Structures are given as C-alpha cells and as structure tokens.
Amino acid sequence: MAHALHQTIPAAEARTETKVETVAPAERDPRWQAVIARDRAFDGQFVYSVRTTGVYCRPSCPARQAKPENVAFHAGPAEAEAAGFRACRRCTPNAASLAEQHAETIARACRAIEAADTPPALAKLARTVGMSPYYFHRVFKAVTGVTPKAYAAAQRGARARTQLASGDGSVTEAIYDSGFNSSGRFYATSNAMLGMTPTAYRAGGADTDIRFALAQCSLGAILVAQSAKGICAIALGDDPDQLARELQDRFPKANLIGGDAEFEQLVAKVIGFVEAPALGLDLPLDVRGTAFQQRVWQALRAIPAGETASYRDIATRIGAPHAMRAVAGACAANTIAVAIPCHRVVRNDGALSGYRWGVQRKQALLEKEAQA
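How each quantity is defined
- Residues numbered from 1 in each chain as written.
- Predicted model: local features only at pLDDT ≥ 70, side-chain atom pairs only at ≥ 80, totals over all residues.
- Heavy atoms only, no water.
- pLDDT = per-residue confidence, 0-100.
- Contact = heavy atoms within 4.5 Å.
- Helix = DSSP H or I, 4+ residues; strand = E, 2+ residues; numbered from the N terminus.
- Pairing = 2+ DSSP bridges.
- Axes fitted to C-alpha atoms, helices over the stretch in contact; angles between N-to-C directions.
- Phe/Tyr/Trp six-rings, centres within 6.5 Å; stacked < 30°, edge-to-face > 60°.
- Buried < 20%, exposed > 50% of the residue type's maximum accessible area, 1.4 Å probe, protein only.

1. Side note on the confidence of the model for the protein
In the predicted model, the protein carries a mean pLDDT of 78, and 76% of its residues have values of at least 70. Low confidence marks residues 1–9, where pLDDT is under 50. Its contacts with residues over four positions away, or in another chain, come to 1 contact.

Structure (structure tokens):
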C-alpha cells in the first residue's frame, strides 16, 4: 500500500515577505532633478505642483522640498491653475523670473548698442537700464556670453562687413560709418574680423586663394577647403557637386583652386580622422565668427573624442550658464565639421539634437569615437 509523503512546513517559513520599493512618477521624470537642484536655468520651462499644499512653484523655489509622491509637473502656470493649484507666494511662478527680467533688460541694452553710432560707455548703458555698472557688466556677460565691449565690437564688425559688401563709398567711409574711430584700429583687427583685407572682402573674396578637394568617406561626400590662414571649411553631404556650390556661394569671388598632391594628403588626414578618431586631428583653422562663437568653438575642441557634452555644459564652461540657446546657435553656425566637433554636443537629456550635416552622420561619428 502506497503512502503519500506529507511534509509539514512551519507557517513562519511558508510566509515570505518581499519588500517592493515604489518609485514615484515624479522621480522618473528628468525635471525632478532640476527641482532637487533648484536650477534657475529651468525657470520658465515648466512648473511643478504639490498636492498636499495646493500650490505650484518654479523649479528654483527655495521652499522646503516636497515629497516626490506629491509632485506633478505642468508646462506652465496656466496648466497648473487649470488643475486647481495656486501660485506660490515665495517664488511667484506666475510672474517673470529674475532670469527673464534680466534677459529683457539686456535685450534693451543690446538694442541701444546696435542703434548707437559709436559704442556707448559702460556707465551710460548701465544708467539706461537702471543698474550699477558692475552689476550690469556681470549680468550682460551672464546673459549673452560676452562683455558689452565685445558685443559692441561684434556689431561694428557686422556693420563693416555690410558696408563693405554693399560697395557704396570708399573703404575708409565704410570703416568710419561702421563706428570705428580710426582706420588704424580697424585694420588692426580686420584679418580676424574679415579673414582677408577689406578691399578683398569688398570684392567678394577676390584675389584670395582657397584650395579645396572632394573625396568620399564612410559618411558620404566630404569637402575640405583651406585658405592661407588654415582650414576654412570641412563639409559633409550626399552630393559632392552641392558641396562645391556651397563653397562657391560662401566665397563668390575667391580663387578656388583644386587640391594638388600635397593638399590631397591633408584631405586624407581628415578622412583618416573621420574613420579612426583615435588618430586625432590637429590642423590650423581659419575660423571666422563672433567673439561668442569662437569661445564656443574653442570649448568644443576641448571635448575629448569618445565623450559628449550638453549645451548647458558648454555654456557653463565658457562662463555663460544661461546662454544655452546661443551655444546651440554657435554650433549650427560652425562650418568646419569634425575639426570643430559640434557633433559631440547633445541635448541636456543626452538625446541627439540637430546637426548641420544630418543627425545620422552625428550618430555615426559618435559611434566611431565610442569604439576608438
């Protein structure tokens, strides 16, 4: 006769408790980190509400940190109020933030600089916007990334380029009409401002020799161009003829010269870097841009291959933590692919953003560098 085998298991052993840790939805949201850090850079981008208090706040609110399970995020004050929350009295999220007030103030100062025939004195600009000279200088640099003097210089340079390109009057008249007090001061900075002599610039790059060559790499067609100062263009694309036409549009009257054997070696070096980033690329560059753009481009060149940085990271590194949009604009204005590695800049959440030569090429470059 068969007997069933019964095993008695103590009740205490039969019951096993599994502790499940719950994570609040707010903690999964990347905006929660901005709230924890009280990051002013996010003020104006969203607000958050606290269920237990019935109020909504801006990310930088100094109030005691709420528990994440009581927090919800909203696109703006209108959405939060529609959900039944009222504005916090400490951070007044339904009013303009200090950063927004500063941006508006500095925008007025920029318009004043642009409208002036000669660069206004710092003290005069500060009085115009109701700030002390020291505080105005600090806020102006934080918002724009450059000093008022550098901004005024960039405006004079832009005027000079416009005046010279128009062909109206003499070169000397263009210099003084642009706000320069003397031709000597203009000529001292003309190479960095124009990349060539004023006469050559007026003539659309006439008598300026630019060597260039087209080739193929794993990312498609590539164009490399070099002036007497250094590399002035590295472009990527699908159509080599289109790349050549774009170069001609940038320098309409320059002497575009096909590359010789020596130049072909330089092109091969650039392609070698594209295919194997670990080789490095150290070439003299002919970089023409505003003072702010050049600071951004220099910061980009400091990012090691295989690493990335966010727009906020770059803005912070150049001393302008709130100038993220301006950093993005400088990246978009870059015409020297790979050597000025704007492909290494990503969004604040780590996602890939726009790239002058296509997001797919950006991803391919980053993948090559990660494997190097």
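2. Re the environment of A34
With respect to the helices and strands, A34 occurs in helix α3 (residues 31–37). Note: C-alpha distance between A34 and P59 (25 residues apart in sequence) is 6.3 Å. Residues within four places of A34 in sequence aside, it is in contact with D39, F42, F46 and P59.

3. Some details on the sheet that holds strand β8 (residues 255–258)
With mixed pairing, the 4 strands of this open sheet are ordered in space as β7-β6-β5-β8. Pairing within the sheet leaves two strands with one partner each, and these edge strands are β7 (231–237) and β8. Averaged over all adjacent pairs, the angle separating strand axes in this sheet is 25°, with direction ignored. As defined by bridge partners, strand β6 (residues 220–226) adjoins β7 across 6 bridges and the pair is classed as antiparallel. Of the residues in β7, the one forming a bridge with A225 is A233.

4. Some points on the packing of aromatic side chains
Enumeration according to the criterion identifies 4 aromatic pairs in this entry. Judged by centre distance (5.7 Å) and plane angle (75°), the rings of F46 and F73 are edge-to-face. With F46 in the loop between α3 and β1 (47–50) and F73 in strand β3 (residues 71–74), this pair connects stretches of sequence that are 27 residues apart. Pair check on accessibility: F46 and F73 agree, each one buried. Pairwise contacts between aromatic rings join F42, F46 and F73 into one cluster.

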